[in-house]
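In case you want the letters, here they are:
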Amino acid sequence: LTEESVAAARRLGNPYWVAYALWIAGMAFSRTNSRRALAAWEEGIAFVHEHRIHFFEGFIARDAARLNTSDGDPNVALGLFAEAIQAFHRAGNVPQLIITLASVPALFERLDRLEPAAMLLGAMSRESSSSHHVPELVELGSQLTSRLGATKAGELVAVGAGLDLDAAAVYARTQIDAARRDPRPGPRGARPGGLSRREIDVLRLAAAGRTSGEIATELFISTRTAEHHIQNIYTKIG
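This text gives an overview of the structure that appears in the document. Just so it is clear, the structure is predicted and the values come from calculations on it, not from any experiment.

Counting secondary structure elements, the protein contains 14 helices and zero strands. In the protein, the succession of helices and strands from N to C terminus is α-α-α-α-α-α-α-α-α-α-α-α-α-α. Its C-alpha atoms give the protein a radius of gyration of 19 Å, near enough to 18 Å, the size a compact globule of 238 residues would have. Across the protein, the fraction of contacts at a sequence separation of at least 24, relative to all contacts at a separation of at least 6, is 65%. Split by element, the accessible area of the protein, about 12000 Å² in all, is 52% carbon and sulfur.

Turning our attention to unusual backbone geometry. Phi angles above zero are rare outside glycine, and R52 is one such case at about 55 degrees. By secondary structure assignment, the location of R52 is in the loop between α3 (34-51) and α4 (57-71). Given the relative accessible area of 68%, R52 is considered exposed. Located in the positive-phi region is F220, a residue other than glycine, with phi close to 60 degrees. Its place among the elements puts F220 in the loop between α13 (212-219) and α14 (223-237).

On to the packing of aromatic side chains. Under the counting rule described, the total for this entry stands at 13 aromatic pairs. Aromatic pair Y16 and W17: ring centres 5.4 Å apart, planes at 90 degrees, arrangement edge-to-face. You can call W17 partly exposed: its relative accessible area is 44%. What makes Y16 partly exposed here is its relative accessible area of 32%. What links up through ring pairs into an aromatic cluster is the set Y16, W17, Y20, W23, F55, F56, F59 and F88.

What follows is about the nonpolar core. Of all hydrophobic cores here, the largest spans 63 residues; its most connected members are I85 and L101. Grouped together as the second largest cluster of nonpolar side chains are twelve residues, I200, A216, L219 and I230 included.

For the rest of this paragraph, the subject is the packing of helix α6 (residues 94-110) against helix α9 (residues 136-148). Between two packed helices, the angle of one axis relative to the other and the distance separating the axes together describe the packing. Across the interface, α6 lies against α9 with an axial gap of 10 Å and an inter-helix angle of 35 degrees. Every pair of crossing elements has a handedness; the one defined by α6 and α9 is left-handed. The residues of α9 that touch α6, namely those facing A102, P105, A106 and E109, are L137, L140, Q143, L144 and R147. Across the contact of α6 with α9, the residue classes break down as six nonpolar, one polar and two charged.

Moving on, we come to a nonpolar patch on the surface. A cluster of nonpolar side chains, contributed by L12, Y16, W17 and F55, occupies part of the molecular surface with about 450 Å² of accessible area. Along the chain, L12 falls in helix α1 (residues 2-12). On the basis of relative accessible area, L12 is assigned to the exposed category, the value being 60%.

Attention shifts here to α1. Inspection of α1 places T2, V6 and A9 among the buried residues, and these make up the whole buried set. Around the axis of α1, the buried residues are gathered within 60 degrees of arc, so they sit on the same side. Exposed positions of α1 whose direction lies more than 90 degrees from the buried face are E4, R11 and L12. On its buried face, α1 sits against α2 (15-29). Two residues or fewer past α1, G13 is found with a positive phi of approximately 85 degrees.

Conventions we followed
- Per-chain numbering applies: the sequence of each chain, read as written, is numbered from 1 onward.
- With pLDDT at 70 or above as the cut-off, local features in this predicted model cover only qualifying residues; side-chain atom pairs require 80 or more to be listed or tallied, and sums for whole chains, interfaces and linings still use all residues.
- The side-chain values count all of the structure's non-hydrogen atoms but skip hydrogen atoms and water molecules.
- Here a helix means four or more residues in a row that DSSP labels H or I, a strand means two or more in a row labelled E, and each is numbered from the N terminus.
- Computation of the radius of gyration draws on C-alpha atoms, with the globule rule given as 2.2 Å multiplied by the number of residues to the power 0.38.
- Any two residues having at least one pair of non-hydrogen atoms within 4.5 Å are treated as being in contact.
- Computed with a 1.4 Å probe, the accessible areas rest on the Shrake-Rupley method; for each residue, only the protein chains presented here act as cover.
- Exposed residues in this analysis have more than 50% of their type's maximum accessible area, buried residues have under 20%, and partly exposed residues fall in between, with area computed by a 1.4 Å probe over protein chains only.
- Ring geometry is summarised as follows: Phe, Tyr and Trp rings, the Trp one being its six-membered ring, pair when their centres sit within 6.5 Å, and such pairs are stacked at plane angles under 30 degrees, edge-to-face over 60 and tilted between the two.
- Nonpolar cores are built from buried Ala, Val, Leu, Ile, Met, Phe, Trp, Tyr and Cys residues. Side-chain atoms within 4.5 Å join them into one set.
- Throughout, an axis means a line fitted to C-alpha atoms (over the contacting stretch in the case of helices), and angles, computed between N-to-C directions, take values from 0 to 180 degrees.
- Handedness of each helix crossing follows the sense of rotation of the near helix against the far helix: counterclockwise by less than a right angle gives left-handed, clockwise gives right-handed.
- Basically, the charged four are Asp, Glu, Lys and Arg, the nonpolar ten are Ala, Val, Leu, Ile, Met, Phe, Trp, Tyr, Cys and Pro, and anything else, Gly included, counts as polar.
- By definition, no residue in a patch forms a salt bridge, and every one has over 30% relative accessible area; like charges are joined within 9 Å, nonpolar side chains (Val, Leu, Ile, Met, Phe, Trp, Tyr) within 5 Å.
- For this document, the term salt bridge refers to a Lys or Arg side-chain nitrogen within 4 Å of an Asp or Glu carboxyl oxygen.
- Throughout, the arc means the angular range of directions from the helix axis out to the C-beta atoms.

Function cannot be inferred from these measures alone, as they are strictly geometric.
Written out as structure tokens, the structure is:
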């Protein structure tokens, strides 16, 4: 029902419900089709920015960051986590801030930034709900101990445990900013003609014979936006 739900929300014209429908569409696909989930959330993030629907900024950015950590682009995840932390911290949404911060260590571990991963793991040990909402923290702790050594990992976790939630949020943002300034090289395929990630998605669907309307449905965008992407692709790669 996801496509029908998003289309119904767009017909209604209420930006809140459009954003909500896009968020839920991503959640519906997140365990079965990561590409479609990320497409829904990418459109959702653009939509909440355009319409200034601050309520959904953190939720969509955080969930898209988590999925990019496991199944997408970790460098994209950095920016999304930064946005989510800022949104929840600014709003004073403590429960969602805890879940977001508890999700960041897995990204740092994937990027081989082990020390900040262990520091944040220690900070999250102060928050009893963190391992409930992010159960992979337990396994991640074992991985960090194995990679850093028990002594080093224990020292970093202990220092991190001295950070309260506000300090942990500031620390996470600082470390995310550092990672974005100096990204570690990773396996990434070159994009032809300078195409954006969204244009690559459109190109794949166009190459499969999809119409503009079908592309729009698949990516949760308007037909006009799909046609605009297609024209950009023609311009860039002829």
